[in-house]
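Breakdown of the fold
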Amino acid sequence: MAGSGERARHWRYAELPGVDLLRARYIRKTFVRHTHENFVIAAIADGVEVFHHQGADVSVGAGALALVNPDTPHTGRAGVPEGWRYGAVYPSPEVVARIAAETTTIRGTPGFAAPMVDDPYTVRLVHQVLRAAEEGNALAADTLLSVAVTRLLRLNGGPLPERRPRSAGAGIAARARAVLEERMTEPPSLERLATDLGTSRFALLRAFRDAYGMPPHTWLTDARVRRARLLLDTGTAPAEAAVLVGFTDQPHLNRHFARIVGVPPGAYQRERQNREAPTGRNNVQDPADRAAVASGAWHRDRQHSRTGPPQTWESRTAPSYGTPSGSASP
């Protein structure tokens with residue numbers, strides 16, 4: 001996608017365990033239906049993102065946040081011709097639960113009630129978390145993440161609904177999922193899978209969609225990408241990872257990986273290998289953004305009310321960009 005203007009960087013900072021980080025600018029990018037094991041907290045700086053979530057399209061513009069709970073199917077695309085620019089943090093359920101226990105009165109498993117919150121103050125906090133991670137400022141990154149998550153849980157949080165009792169359909173879906181996990185590289189056909197489970201193809205499709213929000217073949221692609229990420233994190237070469245999870249070759253992995261994670265697998269792995277060292281502001285930042293968050297700005301933000309945004313917000317703050325999203329992106 002050279003020359004498209006799309007840029008993305010997906011990385012980890014060793015001092016923020018259990019948290020993935022992203023900065024990106026997308027124009028024609030389309031994310032297929034997928035899930036995350038972690039929470040999604042995406043702070044929009046410019047443009048509009050639209051994502052399909054629990055049966056409806058949600059539009060999120062500058063100054064607002066897209067919020068997705070773990071294992072919740074969703075998509076993503078531009079809502080305006082110029083696309084969207086954003087920064088995102090992906091804290092694990094364990095990280096969010098720890099923060100919730102320390103700073104809120106939420107009982108049960110914490111999560112977000114609505115998929116969008118219009119709150120420029122927290123948008124700015126998220127971008128400052130990313131900036132602190134880029135600069136190797138562990139104290140600031142950890143503090144700001146805790147403040148941002150606490151604020152979002154107070155504005156839009158609560159206990160996640162308990163899982164419904166297992167019905168016959170849910171049992172069939174769970175058994176189908178177990179088969180697909182075990183036979184990821186050589187999955188059965190839908191007809192064979194249904195026959196082995198003692199049901200019809202359409203009953204299986206309906207049960208699987210009800211349980212996991214997507215048909216079995218879409219779930220399998222999502223699961224393969226998740227497993228590929230784990231292999232890439234341990235140093236497995238992308239070409240080898242592709243075969244190990246059931247893709248035909250690396251280009252096949254590239255295509256699906258970029259449409260779910262947002263960057264090609266090679267760029268993803270390089271960032272994982274370099275995660276111990278701060279990137280440094282000048283390596284990844286657009287010239288126009290270099291004065292976006294001055295040293296010590298996060299201290300001043302802490303002085304603002306927890307219940308309202310600051311009087312001014314630098315709506316153009318921000319995102320610095322790293323790796324191009326790559327030719328594998330659609």
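Heads up: the structure comes first, above all this text.
Please read these numbers as outputs of a predicted model, since none were measured by experiment. In this convention, every chain numbers its residues from 1, walking through the sequence in written order. Since the coordinates come from a predicted model, pLDDT governs what is reported: local features require at least 70, and pairs of side-chain atoms require 80 or more to be given and counted, while whole-chain, interface and lining totals use all residues. Note: side-chain values were computed over all heavy atoms of the structure, leaving out hydrogens and water.

Moving on to the overall build of the chain. Helix and strand assignments follow DSSP, with helices taken as H or I runs no shorter than four residues and strands as E runs no shorter than two, numbered in order from the N terminus. Broken down by element type, the chain carries twelve helices and eleven strands. Only protein chains enter the accessibility calculation, which uses a 1.4 Å probe; a residue is then buried when its area is under 20% of its type maximum, exposed when over 50%, and partly exposed in between. The buried share among the 330 residues of the chain stands at 52%. Pairs at least 24 apart in sequence give 76% of the contacts found in the chain among residues at least 6 apart. Here the chain displays about 15,100 Å² of accessible surface, and carbon together with sulfur accounts for 50% of that area. By definition, residues are in contact when any of their heavy atoms lie within 4.5 Å. The Shrake-Rupley method, run with a 1.4 Å probe, gives the accessible areas here. Residue values count only the displayed protein chains as cover.

Further remarks concern the environment of Arg177. Residue placement: Arg177 occurs in helix α4 (residues 168-182). You can call Arg177 partly exposed: its relative accessible area is 28%. In the structure, Arg177 is positioned 31 residues away from Phe208 in sequence and 8.3 Å away in space, judged by C-alpha atoms. In this structure Arg177 touches Phe208, Tyr212 and Trp219, once residues within four positions along its chain are discounted.

Glancing now at the packing of aromatic side chains. Stacked, edge-to-face and tilted are the three classes for Phe, Tyr and Trp ring pairs, Trp counted by its six-membered ring, which pair at centre distances within 6.5 Å; planes under 30 degrees apart are stacked, over 60 edge-to-face, the rest tilted. Using the criterion set out here, one finds eight aromatic pairs in the structure. Each ring, one from Tyr26 and one from Tyr86, has its centre 6.2 Å from the other, and the planes form 50°; the classification is tilted. Separated by 60 residues along the polypeptide, Tyr26 in strand β2 (residues 19-26) and Tyr86 in strand β8 (residues 84-91) bring together distant segments of the chain. Taking 6.1 Å as the distance between ring centres and 75° as the angle between the ring planes, the aromatic pair formed by Phe208 and Trp219 counts as edge-to-face. With a gap of eleven residues between them, Phe208 in helix α6 (residues 201-212) and Trp219 in helix α7 (residues 216-233) connect regions that are remote in the sequence. Residue class for Phe208 comes out buried when judged on its relative accessible area of 0%.

Among the secondary structure elements, His256 is positioned in helix α9 (residues 250-260). Looking at His256, its side chain comes within polar contact range of the side chain of His252, at 3.4 Å. In this structure His256 touches Thr221, Val225 and Phe247, once residues within four positions along its chain are discounted. Two N or O atoms form a polar contact when they lie within 3.5 Å of each other; inside protein one atom must be a possible hydrogen donor and the other a possible acceptor, and for residues adjacent in sequence the pair counts only when both atoms belong to side chains.

So, on to the pattern of salt bridges. Take a side-chain nitrogen of Lys or Arg and a carboxyl oxygen of Asp or Glu: if they are within 4 Å of each other, that pair is a salt bridge. Taken as a whole and judged by the stated rule, the model has 16 salt bridges. Ionic pairing is found between Asp20 and Arg229, a salt bridge with its closest N-O pair at 2.5 Å. Here the residue Asp20 occupies a position in strand β2, and Arg229 occupies one in helix α7, the gap between them amounting to 209 residues. Across the pair Asp20 and Arg272 runs a salt bridge whose closest N-O atoms are separated by 3.2 Å. Highlighted residues: Asp20 in strand β2 and Arg272 in helix α10 (residues 265-273), separated in sequence by 252 residues.

We note that Gln54 has phi near 50°; this positive angle belongs to a residue other than glycine. Summarising the element assignment, Gln54 is placed in the loop between β4 (40-53) and β5 (56-61). Given the relative accessible area of 65%, Gln54 is considered exposed. The backbone of Asp71 shows a phi angle near 55°, a positive value even though the residue is not glycine.

What follows concerns the pairing of strand β6 (residues 64-68). In terms of burial, β6 is largely enclosed, as five of its five residues are buried. Residues of β6 alternate between two faces, with Ala64, Ala66 and Val68 on one and Leu65 and Leu67 on the opposite face, all of them buried. One bridge is not enough; two strands pair if DSSP finds at least two bridges between them. Two elements, β4 and β6, share four bridges in a ladder whose sense is antiparallel. For Ala43, the partnering residue across the bridge sits in β6 and is Leu65.

This part takes up the pairing of β4. When you tally the buried positions in β4, you get eleven out of 14 residues, the bulk of the element. As paired strands, β4 and β8 are joined by six bridges and run antiparallel to one another. Looking at the pairing, Asp46 lines up with Arg85 of β8. Of the strand pairs in this sheet, β4 and β5 are connected by six bridges, and their pairing is antiparallel.

Another point: helix α2 (residues 120-134). Expected span of a helix: the number of residues minus one, times 1.5 Å. Taking 1.5 Å of rise per residue, 15 residues should cover 21 Å, and α2 covers 21 Å from first to last C-alpha, within 8% of that figure. Note on α2: the residue one or two positions beyond its end, Gly136, has a positive phi of about 75°.

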